[in-house]
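Chains, contacts and geometry: an overview
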Amino acid sequence: MIVILLGMPGSGKGTQSKLLSEKYGFKHLSTGDIFRGEMAAKSPLGLKASEYVKSGKLVPDNLVTEMVAGKLEFDGASYLLDGFPRNLEQARALGGFLASHQVPFIVIFLNLTREEVLKRLTARRVCLACGEVYNLTTRPPAVEGKCDKCQGAVIQRDDDTEATVRKRLMVFEDLTQPLVAYYKGEGVFREVDAAQGPEQVASALAVVLDSTMAGK
Ligand code: AMP
């Protein structure tokens, strides 16, 4: 089974993906994390993706879909897709791929207002070493700039500055938001209010997933 977590940047996809992967044993596939890893390693893919990621634009579809297709193994594993698909073209490519392997999927939309996204993302900080996520307002690290878990450097992502967040929101509204209507038409769509705290969002997601898995 494939779970597609859809939502604006900052809606909690990454946090919830980690919680759900631990609880249900999903393999977590975050295209954003993969690009950041490739960029840090200065790999050919990372070098190609870098200018897009840093400016808040989408990486070209052919690079993304090839990368995702190369990671999915249909050996009975269940995946949680975080950040993919991001537009209709990617959704159609994924749909064809899943249909040809007869893999069922569900789409869950983490719904949040634009204002809340701006507030969350401009206050977001991440650990360079272990990826732990902080928020300067609601969950700052105990020592400024240092990760509580691994003592790594806690920094602001290049694309979390206000100007780039606004750009990413525009990209979301233009290209990703249409996926809501697309998947509603496919009858595999559920929605969760992402303005709640992480634990409440996790419980709401568990209700959706448990009922889906029980075939309700
Ligand atoms: P994220 O961490 O999901 O917010 O992604 C960070 C950045 O990675 C995005 O702003 C894009 O530049 C790039 N990216 C991640 N996923 C995709 C995708 N499915 N298609 C195109 N670009 C992507």
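Structural notes, computed from the coordinates. In this convention, every chain numbers its residues from 1, walking through the sequence in written order. Two thresholds apply to this predicted model, a pLDDT of at least 70 for residue-level local features and 80 or more for giving and counting side-chain atom pairs, whereas whole-chain, interface and lining totals are computed over all residues. Only hydrogens and water are removed before side-chain values are computed, so all heavy atoms of the structure are retained for them.

1. Overview of the state of the cysteines
Working definition: a disulfide is two cysteine sulfur atoms within 2.5 Å of each other. Counted by the stated rule, this structure contains zero disulfides. For the unlinked cysteine cysteine 127, the closest cysteine sulfur is that of cysteine 150, found at 3.6 Å.

2. Considering unusual backbone geometry
Backbone phi values are negative for most residues with the exception of glycine, while trans is the configuration of most peptide bonds. The linkage connecting phenylalanine 84 with the following residue, proline 85, adopts the cis geometry, with an omega of 0°. Its place among the elements puts proline 85 in the loop between strand S3 (79-82) and helix H5 (88-100). Unlike most non-glycine residues, glutamine 151 shows phi in positive territory, near 70°. Here a helix means four or more residues in a row that DSSP labels H or I, a strand means two or more in a row labelled E, and each is numbered from the N terminus.

3. Structural notes on the sheet that holds strand S6 (residues 133-135)
Two strands qualify as a pair provided DSSP detects at least 2 bridges between them. Pairing is antiparallel across the open sheet formed by three strands, whose spatial order is S6-S5-S7. If you trace the sheet from one side to the other, it starts and ends with S6 and strand S7 (154-155), each paired once. Sheet analysis places strand S5 (residues 124-127) next to S7, joined by two bridges and oriented antiparallel. Counted as the bridge partner of valine 126 is isoleucine 155 from S7.

4. Overview of the environment of threonine 137
Here threonine 137 shows up in the loop between S6 and S7. For the exposure calls, accessible area comes from a 1.4 Å probe over protein chains only, and a residue counts as buried if that area is under 20% of its type's maximum, exposed if over 50%, partly exposed in between. Overall, threonine 137 belongs to the exposed group, its relative accessible area being 66%. Through-space distance from the C-alpha of threonine 137 to that of leucine 58 is 28 Å; in sequence the pair is 79 residues apart.

5. Some words on the packing of aromatic side chains
The pairing test for Phe, Tyr and Trp rings, Trp by its six-membered ring, is centres within 6.5 Å, and the orientation test on the planes gives stacked under 30 degrees, edge-to-face over 60, and tilted for anything in between. Applying the stated criterion to the full structure yields five aromatic pairs. Ring centres 6.2 Å apart and planes at 35° place the aromatic pair phenylalanine 109 and phenylalanine 189 in the tilted group. Pair noted here: phenylalanine 109 is in strand S4 (residues 105-111) and phenylalanine 189 is in strand S8 (residues 189-193), with a separation of 80 residues, a long-range link. The buried category is assigned to phenylalanine 109, whose relative accessible area is 5%. Within the aromatic cluster, the residues linked to one another by ring pairs are Phe105, Tyr182 and Tyr183.

6. Some remarks on the pairing of S4
Counting buried positions along S4 yields five of seven residues, so the element is predominantly enclosed. Of the pairings in the sheet, the one linking strand S1 (residues 2-7) to S4 comprises six bridges and is parallel in character. Among the inter-strand pairings, leucine 5 is bridged to a residue of S4, identified as isoleucine 108. Summarising the sheet, S4 and S8 pair through five bridges and their orientation is parallel. Opposite asparagine 111, over in S8, you have aspartate 193 as the bridge partner.

7. Examining the site of the ligand
Here a residue counts as near a molecule or strand whenever at least one of its heavy atoms sits within 4 Å of it. Around the ligand, the surrounding shell holds 17 residues, and the nearest of these are Thr31, Arg36, Lys57, Gly83 and Gln90. A 3.5 Å cut-off defines polar contacts: any pair of N or O atoms within that distance qualifies, except that in protein one atom must be a possible hydrogen donor and the other a possible acceptor, and neighbouring residues in sequence count only when both atoms are side-chain atoms. The separation between a nitrogen atom of the ligand and a polar main-chain atom of valine 59 is 3.0 Å. A distance of 3.1 Å is found between an oxygen atom of the ligand and a side-chain nitrogen or oxygen belonging to arginine 168. Relative to its unbound accessible surface of 480 Å², the ligand loses 96% to contact with the protein. Those elements that provide at least two residues to the shell around the ligand are helix H2 (31-40) and helix H3 (44-55). Residue contributions to the shell around the ligand peak at four residues, all from H2. For the shell around the ligand, the per-class residue count stands at seven nonpolar, four polar and six charged. For accessible areas, the Shrake-Rupley method is used with a probe of radius 1.4 Å. Any residue's cover is judged against the shown protein chains and nothing else. Ten residues, namely Ala, Val, Leu, Ile, Met, Phe, Trp, Tyr, Cys and Pro, are considered nonpolar, four, namely Asp, Glu, Lys and Arg, are considered charged, and the remaining ones, Gly among them, are considered polar.

8. Considering the environment of tyrosine 52
Its location among the elements puts tyrosine 52 in helix H3. Judged by relative accessible area, tyrosine 52 falls into the partly exposed class, the value being 24%. Each C-alpha atom of the pair tyrosine 52 and arginine 125 lies 20 Å from the other, and the pair is 73 residues apart in sequence. By definition in these notes, contact holds between two residues if any of their heavy atoms fall within 4.5 Å. Discounting chain neighbours no more than four positions away, the residues touching tyrosine 52 are Lys57, Leu58, Val59 and Pro60.

9. Things to note about the side chain of threonine 31
Along the polypeptide, threonine 31 turns up in helix H2. Given the relative accessible area of 3%, threonine 31 is considered buried. Polar contacts involving the side chain of threonine 31 include one to the main-chain carbonyl oxygen of glycine 83, which spans 3.1 Å. When sequence neighbours within four positions are dropped, the list of residues in contact with threonine 31 reads Val64, Met67, Val68, Asp82, Gly83, Phe84 and Arg86.

So, to be careful, I would describe these as geometric facts and stop short of saying anything about function.
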